[in-house]
Amino acid sequence: MTTTARPYVGTALDRVEGMEKVTGRARYAYEHSPDELAYAVPVQASIARGEVRAVDVQAALTIPGVIAIIWHRNAPRLAPADNAELSVLQSARVAYRGQYIAVAVAETLEAAGEAARSLSVDYAGEPHDTELRADHPGLYRPEKVNAGYPTDSEHGDPDAAMEAAPIRVDATYSTPAEHNNPMEPHATVARWDADGLTLYDSTQGASAVRATLAALFTMPPANVRVIASHVGGGFGSKGLPLAPVVLAALAAKHVTRPVKLAVPRQQMFAVTGYRTPTIQRVRLGAGSDGRLTAIVHEAIEQCSTIREFVEQTTTPTRIMYAAPNRRTTHRVVKLDVPTPSWMRAPGEAPGMFALESAMDELAIACGIDPVELRVRNEPDADPETGEPFSSRNLVACLREGARRFGWADRDPTPGARLVGRTLIGTGVAASTYPAYRSPSQASARVEPDGRYTVKIAATDIGTGARTVLTQIAADALRTSPDRVTVEIGDSALPPATLAGGSMGTASWGTAVVRACEALLEELDRRGGDLPSAGLEAGADTKEEIGAQERFSRHAFGAQFAEVGVDVDTGETRVLRLLGVFAAGRIVNPKTARSQFIGGMTMGLSTALFEESLMDRQFGDYLNRDLAQYHVAACADVRDIEAVWVEEDDPHLNPMGTKGIGEIGIVGTAAAIANAVHHATGIRIRDLPIRLDKLLR
Ligand code: MOS
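1. So, the sheet that holds strand 12 (residues 259–262)
Part 1: If you walk across this open sheet you meet the seven strands as 3-5-1-12-9-10-11, and the pairing is mixed. Strands with a single pairing partner mark the edges of an open sheet, and in this sheet they are strand 3 (66–71) and strand 11 (224–227). Each strand axis lies, on average, 20° off the axis of its neighbour in the sheet, ignoring direction.
Part 2: Sheet analysis places strand 1 (residues 38–44) next to strand 5 (residues 100–106), joined by six bridges and oriented antiparallel. Pairing of Val41 across the sheet is with Ala104, part of strand 5.
Part 3: Of the strands in this sheet, strand 1, strand 3 and strand 5 touch helix 4 (residues 109–118), which is tilted by about 25° from strand 1.

Shown next as structure tokens:
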């Protein structure tokens, strides 16, 4: 009976660390306080481009309790890094306003802060360029885009097909720079001793931090230990080590004492990455039956002068819809701006805003229902590679969503439903996210008392990773979750991939299952005879993942939104949001729902609020706290629901799972913008949907 073989995967197990968290016993990076602790407060550049000529440290050093002021003249040397963001305090160059140029270390946080503020910095400033424009002369074609995807793709003759198409959409969309704001800002406690470096770090991946820091300080990885037991969100901003963790380690080395460094919320807007702004032109050509003949999706983005970072904005367009002619491109320009980084569904989220808005425009141009239009353009196989989909249930999501949302009676006429002074409209958009998997290692151990311990350097950034790995391990060991302890969040455990790319559960789960299987096999071989010292087995999924069959693996979903727009003020409220997802087997309905509606809430936030504004004069983002950078609050989220369709996919991993962390945000903003058009007749192609754009 397959149901008893896996009784815990699929159940709503409570978070295994829930009690620890609600009673305050769970400790986050900043809460670790080794003896002899000192506090570090970083200093940021106040010019957007140029050089630090000198830092006058005299006044700062007279402040009681100040231990050191570190800047490029006296900073410990680091090995060269591929990512120049990590070469903290290694040169006089300033590549963007807000870049770290010094750090004050003191006995107390207050003294360090006062010292940091008292520094007098002499700059040689240079003119800066921080404006992304579609006609920027510096735009170039990068070698590759993120996740290793080809920069461009071309199939058939999209230009000729566009020319010949009876129905055409040609529109340019833009998305602003957006900044990640996890509840817990980045923080590190760094301690050096005879064995090397220990870091309590708020990170999505302890193994990657270990490898990177070991290389920077020219040490074997074994001499670096990174502990991240609990992490209060990351959304990509803690995906890879950035300047703050390096600065903490460097400061601790310089003062030969443990150092605590938290990134204040305001500093996060410069040093911990952000979503690149995009300008995207989408052209769709179709027959009058709505069948696509051509899709062209061209994206423009920015990165900093010191690190090329190019989001895969148009890659979802390579797999979404059937069309014989297609072109997707990415161009980027290096500006004197902070370095962009990952932000939940980097690429897919902005890219699908453009594509799914354009699909809505096409539906209207063809006079076809937008759900039906998408169903009509469903491909049989991956449209670019020809590979079969491991599973693809977009149509099921659209149909199920339409049924639950009450789509059938929808009158497509825009601007036709006025209730009091509020215009009401509904919109739909598709969603997708790749089902990645990355090699990881794990160990499983049994004690003579029948208790199990599973170890893997996975990270729980609030998603429920610890809980779902406990369920997966319990099933693989044919035992119950209360007999299994899963240890994660420590680079001393078997190395694992990061909590990113929505691949945590699939990657770590595979390693956990294989380690548990190896343990049971070993027990079997011993005829069930368990040594008094217990028994342990391990697994490494590198070969298994390297040898997996060729399939196009993606999760899909459908987002439905109902909005109300005040005709006098232009204020938009999202009255209802429904997401229907097809993401393989759902390991834990409780934590999964939380992931989905969390992503959808970020999508709502993207649609209506989030926008980092560039101050051209200073060359920096202007809004840098939660008073000025608006994120959706509870009152903005009214009726939100996420459900899923059954999906049995044997081509993924032993659990049959696809990632669920990021798909919730994808398509949400388009569904809302499409609903705003349906409500008002106004097409907002530039996010966010501010009231001034609607009143214009
Ligand atoms: Mo996610 S943006 O890959 O952490």
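2. Quick look at the packing of helix 15 (residues 589–608) against helix 16 (residues 668–680)
Part 1: The N-to-C vectors of helix 15 and helix 16 enclose an angle of 50°; their axes lie 7 Å apart at closest approach. Comparing their axes, helix 16 and helix 15 come out oblique. Considering how the two elements wind past one another, helix 15 and helix 16 form a crossing that is right-handed. Contacts between helix 15 and helix 16 involve Met600, Gly603, Leu604, Thr606, Ala607 and Leu608 on the former and, on the latter, Thr668, Ala669 and Ile672.
Part 2: In terms of residue class, the contact of helix 15 with helix 16 is built from six nonpolar, three polar and no charged.

3. Overview of the nonpolar core
Nonpolar side chains in soluble globular proteins generally cluster together in the buried interior.
Part 1: Ranked by size, the top nonpolar core spans 85 residues in total, and within it Leu284, Leu362, Ile672 and Ile689 carry the most contacts.
Part 2: Considering each element in turn, this core owes the most residues, ten residues, to helix 9 (residues 348–366).
Part 3: Ile689 has contacts with Thr572, Ala607, Leu608, Ile672, Ala673, Val676, Ile684 and Leu694, leaving out every residue within four places of it along the chain.
Part 4: Listed in part, the 42 residues of the second largest apolar core include Leu197, Leu216, Ala252 and Val255.

4. Let's talk about helix 16
Part 1: Over its 13 residues, helix 16 extends 18 Å from the first C-alpha to the last, a length consistent with the 18 Å expected when each residue adds 1.5 Å.
Part 2: Of all 13 residues in helix 16, 13 are buried, a share of seventy percent or more.

5. What to know about the packing of helix 9 against helix 16
Part 1: Between helix 9 and helix 16, the least distance of the axes is 8 Å, while the angle of their chain directions is 35°. With respect to the hand of their crossing, helix 9 and helix 16 are arranged in right-handed fashion. Residue-level contacts link Met352, Phe353, Glu356, Ser357, Asp360 and Ile364 of helix 9 to Ala669, Ala670, Ala673, Asn674 and His677 of helix 16.
Part 2: Partitioning the contact of helix 9 with helix 16 into residue classes produces six nonpolar, three polar and two charged.

6. What to know about unusual backbone geometry
Part 1: The omega torsion across Leu687 and Pro688 is -5°, close enough to zero to call that bond cis.
Part 2: Looking at where Pro688 falls in the secondary structure, it is placed in the loop between helix 16 and helix 17 (691–695).
Part 3: Of note in this structure, Ala147 is not a glycine but carries a positive phi near 65°.
Part 4: If you trace the backbone, Ala147 turns up in the loop between strand 6 (120–125) and strand 7 (153–155).
Part 5: On the basis of relative accessibility, which here comes to 58%, the residue Ala147 falls in the exposed class.
Part 6: In this structure, Ser502 takes a positive phi of about 50° despite not being glycine.
Part 7: Mapping Ser502 onto the fold places it in the loop between strand 20 (484–487) and helix 13 (504–525).

7. Here's the deal with the pairing of strand 20
Part 1: Alternating positions in strand 20 separate cleanly, Val484 and Val486 being buried on one face and Thr485 and Glu487 remaining unburied on the opposite face.
Part 2: Where strand 19 (residues 452–455) meets strand 20, four bridges bridge the pair, whose relative direction is parallel. Pairing of Thr453 across the sheet is with Thr485, part of strand 20.
Part 3: Each parallel crossover has a hand, and for strand 19 linked through helix 12 (residues 465–476) to strand 20 it is right-handed.

Rules used in this analysis
- Per chain, residues are indexed from 1 in the order of the written sequence.
- Thresholds applied to this predicted model are a pLDDT of at least 70 for local features of residues and 80 or more for the giving and counting of side-chain atom pairs; totals over whole chains, interfaces and linings are not thresholded and use all residues.
- As a rule here, side-chain values cover all heavy atoms of the structure and leave hydrogens and water aside.
- In this analysis, strands are considered paired if DSSP registers two or more bridges between them.
- Only DSSP runs of H or I covering at least 4 residues are called helices, and only runs of E covering at least 2 are called strands; the numbering of each starts at the N terminus.
- To obtain an axis, a line is fitted to C-alpha atoms, over the contacting stretch when the element is a helix, and the angle between two such axes runs from 0 to 180 degrees between their N-to-C directions.
- By definition in these notes, contact holds between two residues if any of their heavy atoms fall within 4.5 Å.
- Any angle from 65 to 115 degrees is called roughly perpendicular, while one under 35 is roughly parallel, one over 145 is roughly antiparallel, and all others are oblique.
- Note on convention: near helix rotated counterclockwise from far helix by under a right angle means a left-handed crossing. Clockwise means right-handed.
- The classification used treats Ala, Val, Leu, Ile, Met, Phe, Trp, Tyr, Cys and Pro as nonpolar, Asp, Glu, Lys and Arg as charged, and all other residues, Gly among them, as polar.
- In these notes, a set of buried Ala, Val, Leu, Ile, Met, Phe, Trp, Tyr and Cys residues joined through side-chain atoms within 4.5 Å is what counts as a nonpolar core.
- Accessibility here uses a 1.4 Å probe with only protein chains present; expressed as a share of the type maximum, an area under 20% marks a residue as buried, one over 50% as exposed, and anything in between as partly exposed.
- Under the convention used throughout, the expected extent of a helix is 1.5 Å for every residue step, that is, one less than its residue count.
- Assignment of crossover handedness uses the view with strands pointing away from the viewer, where a clockwise path from the first strand over the helix to the second indicates a right-handed crossover.

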